[in-house]
Amino acid sequence: MKQAGKLIVMAGPSAVGKGTLASHIVANFDGFMLSVSATTRSPREGEIDGVSYIFLTEQQFNNRAETGQMLEWATVHGKHSYGTPRGPVEEGLASGLNVILEIDVQGAFQVKESFPEALLVFVKPPSFEELRARLDKRGTESEEDKRIRLETAKTELDQAHQFDFSVINDEVARCAQEVVDLVQTT
Ligand code: 5GP
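Cut-off values and rules
Residues numbered from 1 in each chain as written. Predicted model: local features only at pLDDT ≥ 70, side-chain atom pairs only at ≥ 80, totals over all residues. Heavy atoms only, no water. Helix = DSSP H or I, 4+ residues; strand = E, 2+ residues; numbered from the N terminus. Buried < 20%, exposed > 50% of the residue type's maximum accessible area, 1.4 Å probe, protein only. Arc of directions from axis to C-beta. Contact = heavy atoms within 4.5 Å. Expected span 1.5 Å × (residues − 1). Salt bridge = Lys/Arg side-chain N within 4 Å of Asp/Glu carboxyl O. Pairing = 2+ DSSP bridges. Axes fitted to C-alpha atoms, helices over the stretch in contact; angles between N-to-C directions. Near = heavy atom within 4 Å. Polar contact = N/O pair within 3.5 Å; in protein donor to acceptor, adjacent residues only side chain to side chain. Areas by Shrake-Rupley, 256 points an atom, 1.4 Å probe, with all protein chains shown as cover. Nonpolar A, V, L, I, M, F, W, Y, C, P; charged D, E, K, R; others polar.

Asker: In this structure, what is going on with unusual backbone geometry? I would like to understand it.
Answerer: Trans peptide bonds make up most of the peptide bonds, and negative phi angles are found at most residues other than glycine. Phi is positive for Ala15, close to 75°, though the residue is something other than glycine. Locating Ala15 in the fold gives a position in the loop between β1 (7–11) and α1 (18–28).

Here it is in structure tokens:
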């Protein structure tokens with residue numbers, strides 16, 4: 001029987017570059033897949049339904065959560081719901097793929113409860129100032145939303161020690177290699 005893949009949970013503050021890191025791993029290393037999350041927030045320009053996120057109404061989201069179709073879910077930044085659809089993750093793992101979840105800290109702890117063998121990786125910015133600069137550069141949030149995300153980031157950074165590993169996303173290729181090495185050696 002084919003050996004099941006590993007579940008890798010990458011969490012960390014908004015704009016730390018988790019998405020870029022996860023995409024880099026999937027594009028450059030064999031045997032990895034990225035879980036596509038569901039969310040109730042509206043698509044940003046350029047985001048594609050089913051690829052960037054599965055965009056759902058609150059009713060659709062709640063219905064899926066209540067019927068056990070979400071592996072974890074959380075309200076992020078006190079606003080919208082985000083969750084990991086269970087089916088594709090379980091299928092990926094069963095087919096031997098390492099599945100990456102790019103989710104928030106609350107979701108990461110929920111996953112650890114149902115999948116104790118999951119590898120929890122906290123992605124840190126090189127500094128808080130650099131995080132602020134990345135959020136400004138992304139330019140997708142209002143001043144108020146940026147303020148909320150930086151507030152959430154402080155709380156999240158305080159929880160990093162509860163993760164299995166922390167990595168610093170100073171340079172994408174280097175950091176991605178570090179995550180892949182962790183997956184292969186643990
Ligand atoms: P954004 O709205 O900027 O795309 O994402 C906001 C935050 O939601 C990110 O920090 C991201 O980690 C988190 N997030 C995205 N997908 C999920 C998910 O499936 N579950 C949870 N718990 N958080 C998620």
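Back to the text.
Asker: Would you mind going over helix α4 (residues 105–114) with me for this structure?
Answerer: Side chains that are three or four residues apart share a direction in an α-helix, a result of its 3.6 residues per turn. Along α4, the positions that sit buried rather than exposed are Val105, Gly107, Ala108 and Val111. Down the axis of α4, the sector holding all buried residues measures 155°, keeping them to one side. Packed against the buried residues of α4 are β1, β5 (70–76), β7 (98–102), β8 (119–124) and α6 (143–158).

Asker: Got a minute to help me understand helix α7 (residues 172–185) in this structure?
Answerer: The end-to-end C-alpha distance of α7, which contains 14 residues, comes to 20 Å, matching closely the 20 Å that a straight helix rising 1.5 Å per residue would cover. Those residues of α7 that are buried are in contact with β1, α1, β2 (32–34), β7, β8 and β9 (165–168).

Asker: Help me understand the pattern of salt bridges in this model?
Answerer: When their charged atoms lie close together, side chains carrying opposite charge are able to pair. Counted by the stated rule, this structure contains 16 salt bridges. One salt bridge in this structure joins Glu144 and Arg147, with 3.1 Å as the shortest N-O distance. One end of the pair, Glu144, and the other, Arg147, are both in helix α6, three residues apart, so they sit about a helical turn from each other. On the accessibility criterion, Glu144 (43% relative accessible area) is partly exposed. Among the ionic pairs, Arg174 bridges to Glu178, the shortest N-O distance being 2.9 Å. Taken together, the positions of Arg174 and Glu178, both in helix α7 and four residues apart, correspond to about one turn of that helix. Using a relative accessible area of 28% as the deciding quantity, one classes Glu178 as partly exposed. Salt bridges sharing common partners tie together Arg41, Arg44, Glu47, Arg138, Glu141 and Arg149.

Asker: So what exactly am I meant to see when it comes to the sheet that holds β9 here?
Answerer: Sheets are built from strands that pair by backbone hydrogen bonding, the pairs being arranged parallel or antiparallel. Spatial strand order, β2-β7-β1-β8-β9: five strands in an open sheet with parallel pairing. Only two strands of the sheet have a single neighbouring strand rather than two, namely β2 and β9. Geometrically, the sheet is characterised by an average inter-axis angle of 25° between neighbouring strands, direction not taken into account. As paired elements, β1 and β7 share four bridges and run parallel to each other. Counted as the bridge partner of Leu7 is Val99 from β7.

Asker: So what exactly am I meant to see when it comes to the site of the ligand here?
Answerer: If you check the shell around the ligand, you find 18 residues, and the closest are Ser37, Arg41, Tyr53, Tyr82 and Asp104. With respect to the ligand, the side chain of Arg41 contributes an N or O atom lying 2.7 Å from an oxygen atom. Between Tyr53 and the ligand, the recorded distance is 2.5 Å, taken from a side-chain N or O atom to an oxygen atom. Within the complex, 96% of the 510 Å² of free accessible area of the ligand lies under protein. Only β5 and β6 (80–85) provide two or more residues apiece to the shell around the ligand. Among the residues forming the shell around the ligand, the class breakdown is five nonpolar, five polar and eight charged.

Asker: How do you make sense of the sheet that holds strand β4 (residues 54–55) when you look at a structure like this?
Answerer: If you trace the four strands from one edge of the open sheet to the other, you get β4-β3-β6-β5, paired in mixed fashion. This sheet does not close on itself; its edge strands, each paired only once, are β4 and β5. Here six bridges tie β5 to β6, and the two strands are oriented antiparallel to one another. Following the sheet pairing, Ala74 is matched in β6 by Tyr82.

Purely geometric numbers; function is a separate question.
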